[in-house]
Amino acid sequence: MIKKGMARHNRGEDGSEITHLGLLKMLQVLSFLLVFVAGIILGLLASTHINSLFNSQRDLLFTSNFAVTTTSILSDGSSSSSKCNTTNSEPCNCKSCDGDSKVDCLSINTFLHPHNLTHGMSDRELFWRASLVPKKEEYPFDRVPKVAFMFLTRGPLPLLPLWERFFRGHDKYFSIYVHTDPGYVFNVSSGSPFYGRQIPSKHVEWGSVLLLDAERRLLANALLDFSNERFILLSESCIPVYNFKTVYNYLVHSEHGFVEAYDDPSRYGRGRYSRKMLPYIWIRQWRKGSQWFEMQRALAAYVVSDTKYHRLFKKYCTPACYPDEHFLPTFINMFHGSMNSNRTVTWVDWSLGGPHPATYSAVNITEGFIQSIRMNQTLCSYNSGVTPICHLFARKFDASALEPLLNLTSRVMEF
C-alpha cells in the first residue's frame, strides 16, 4: 500500500512538470510571434519614412533646378526664345540665329547639323561629344560630304575677300570655323560665308600646348556637323592656289589624310624628344611635321578622343619642343599610319631658315610665282598612284598681297 501511494504521488508530480513545460513552450512561441510582428511593423514604418524623405528631397531638387533655370533665363531681362546660345541653364527650345523660327534642340537635324556655333561646353565636354562615332554605316539623311575649313587666327582675316571669292557658289560643300583670341569680335557682313562661324575660343601661345589645344578645339567643333568629312587647318596668311571644285574633289576622293610626318635625326627633331615619355613613346616612334594638316573624319575623331598622349606632350614637350610640330605626326605614326599620306597639302617656304617661314607681300605676287606653287615639277603620292598636284594651299601672305592675288584668281587660280 505504501508503494502504490508513492507511485500515485510520483505520477502526479510528472503530470505537473509536463504541464509547466507546455506553458513555457507556448510562451516562447508567443514571444517569437510578438517580436516578429513588431519587426514587420517597424520595417513598414521605416520604409514609409524613407520614401517620404526621398520624395521630399526629389521635389526640392527639381524645384531648385527649375528655379535656377528660370532665374538664369530671366536674369538679363530676356526670355529663353530671345537667344540662340545653347547653355546648360537654358531650355532646349530656342530661336535660330535669324530670330525667325523655333529650333528643336532634340531633333535629328539639329543634332546632325548644328547651325549655331556658340555653346557653353568645356573642352572636356566638347571633345567627348565630338568623339561620338555612330556604328551604323548608313546615315539617316542624304549626306553630301563637306570640307571643313578651320581658320586659326589671332584676329581679322586680311585675305578675307579672296576666300569669299573662292567659296562663292559652293555653299552645299563646305563649312567654316574660325578660332580667334578670346574677346575678339569677328565682324563680317551677313552675306559672307564667314558670318556666324566663330567658335568659342581660348588664349593661344605660339610654341606651347595651347596651340595644339586650339587645333583640337577646331576639329571638335567641326566634328559636331556629321556632314563634314574632310578637315583642313588654315591660318590668316593662307591662300588657295586652286579653285574650289579642284580642292573639293582632291580631298573628298582621297583615301588618306595629309599630315606631314617624318623622322628628323637632328637636334630639331629627335633632339626634342624626352626620355620621360617612356615607355609610352620611344624615340624611334618620334616624328616631326608641318602644323598645317588635313585629315578625314575618322582620323579627326581619333585625334580629339585622345587624352593619354596629349597629357604626355603637355607635360614633357615644352620649349624647345613644340607640340604643334610633333604631337600629330607622332600620334598618327604610332597608331593610324595607314590612314595618312605623311605629307602636307599646304606649301610653305622654309628656305630662309629660322623659326618662321618666308612671308610674301605684293611685290612678290606674280603669275609665275603662283604657277610654281601649283605645279612644282614633282609628283606626289595620291591613293594608289601619283599626281602632279601636291599643294592646294600656300602661306605666308600678308595683307598687301590681297589686291594682286585677286587680279590673278580668274586667270591663274581659276575662280
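Under the annotation held in an unreviewed UniProt entry, the chain carries the name Core-2/I-branching beta-1,6-N-acetylglucosaminyltransferase family protein and is attributed to Linum tenue. What UniProt states about the chain under its Subcellular location (unreviewed entry) heading is, verbatim, "Membrane".

Positionally, R374 belongs in helix α10 (residues 367-374). The side chain of R374 is buried and forms no salt bridge, while E414, the nearest opposite charge, is found at 4.2 Å. Engagement of the side chain of R374 in a polar contact is seen with the backbone oxygen of V412, the distance being 3.2 Å. Residues in contact with R374, not counting those within four places in the same chain, are V241, Y242, P388, V412, M413 and E414.

Turning next to a nonpolar patch on the surface. A cluster of nonpolar side chains, L24, M26, L27, V29, L30 and L33, forms an exposed patch at the surface whose accessible area comes to about 580 Å². Examined against the element boundaries, L33 turns out to sit in helix α1 (residues 2-74).

All right, on to the sheet that holds strand β3 (residues 146-152) then. Sheet strands pair via backbone hydrogen bonds, and the direction of the pair is either parallel or antiparallel. Here we have 4 strands laid out as an open sheet, ordered β4-β3-β5-β7, and mixed in their pairing. Both edges of this open sheet fall to β4 (174-179) and β7 (294-296), since each of them pairs with a single strand only. Sheet twist, expressed as the mean angle between neighbouring strand axes with direction ignored, is 20 degrees. Taken together, the 3 bridges between strand β5 (residues 228-235) and β7 define a ladder with antiparallel strand orientation. Counterpart to I232 in the pairing with β7 is E294. Where helix α6 (residues 244-252) meets the sheet, it contacts β3, β4, β5 and β7, and its direction lies at approximately 105 degrees from that of β3.

Relative to the assigned elements, H179 resides in strand β4. At 2.9 Å, the side chain of H179 and the side chain of R217 are in polar contact. Here H179 is in contact with F151, L152, T153, I199, S201, K202, V204, A214, R217 and L218, once residues within four sequence places are set aside.

Tallied over the full model, the rule gives 2 disulfides. With its sulfur 2.0 Å from that of its partner, C317 forms a disulfide with C321. On the sign convention where negative means left-handed, the S-S torsion of about -85 degrees between C317 and C321 marks this disulfide as left-handed. Like C317, the residue C321 is buried in the burial classification. Sequence-ordered numbering of the disulfide-bonded cysteines in the chain gives the connectivity 1-2, 3-4.

Counting 51 residues, the largest nonpolar core has F149, W163, F194 and F397 as the members making the most contacts within it. Elements represented by at least two residues in this core include exactly β3, α4 (160-167), β4, β5, α6, α10, β11 (393-395) and α11 (402-413). Every residue in contact with F194, bar those within four places of it in the chain, is listed here: F151, L157, L160, W163, E164, F167, I176, V178, F186 and V188. Judged by nonpolar contacts, the second largest core, of 43 residues, contains A148, F231, Y273 and M277.

So, about the environment of Y173. Relative to the helices and strands, Y173 is located in the loop between α4 and β4. Looking at Y173, the relative accessible area reads 30%, which means it is partly exposed. With 27 residues separating them in the primary sequence, Y173 and K146 have C-alpha atoms 4.5 Å apart. Y173 has contacts with V144, P145, K146, V147, F244 and Y248, leaving out every residue within four places of it along the chain.

Criteria and thresholds
Residues numbered from 1 in each chain as written. Predicted model: local features only at pLDDT ≥ 70, side-chain atom pairs only at ≥ 80, totals over all residues. Heavy atoms only, no water. UniProt positions renumbered as here; feature names shortened; annotations may be inferred. Helix = DSSP H or I, 4+ residues; strand = E, 2+ residues; numbered from the N terminus. Buried < 20%, exposed > 50% of the residue type's maximum accessible area, 1.4 Å probe, protein only. Lys, Arg positive; Asp, Glu negative; His and termini not counted. Salt bridge = Lys/Arg side-chain N within 4 Å of Asp/Glu carboxyl O. Polar contact = N/O pair within 3.5 Å; in protein donor to acceptor, adjacent residues only side chain to side chain. Contact = heavy atoms within 4.5 Å. Patch = residues over 30% accessible without salt bridge, like charges linked within 9 Å, V, L, I, M, F, W, Y side chains within 5 Å. Areas by Shrake-Rupley, 256 points an atom, 1.4 Å probe, with all protein chains shown as cover. Pairing = 2+ DSSP bridges. Axes fitted to C-alpha atoms, helices over the stretch in contact; angles between N-to-C directions. Disulfide = S-S within 2.5 Å. Core = buried A, V, L, I, M, F, W, Y, C linked by side-chain atoms within 4.5 Å.

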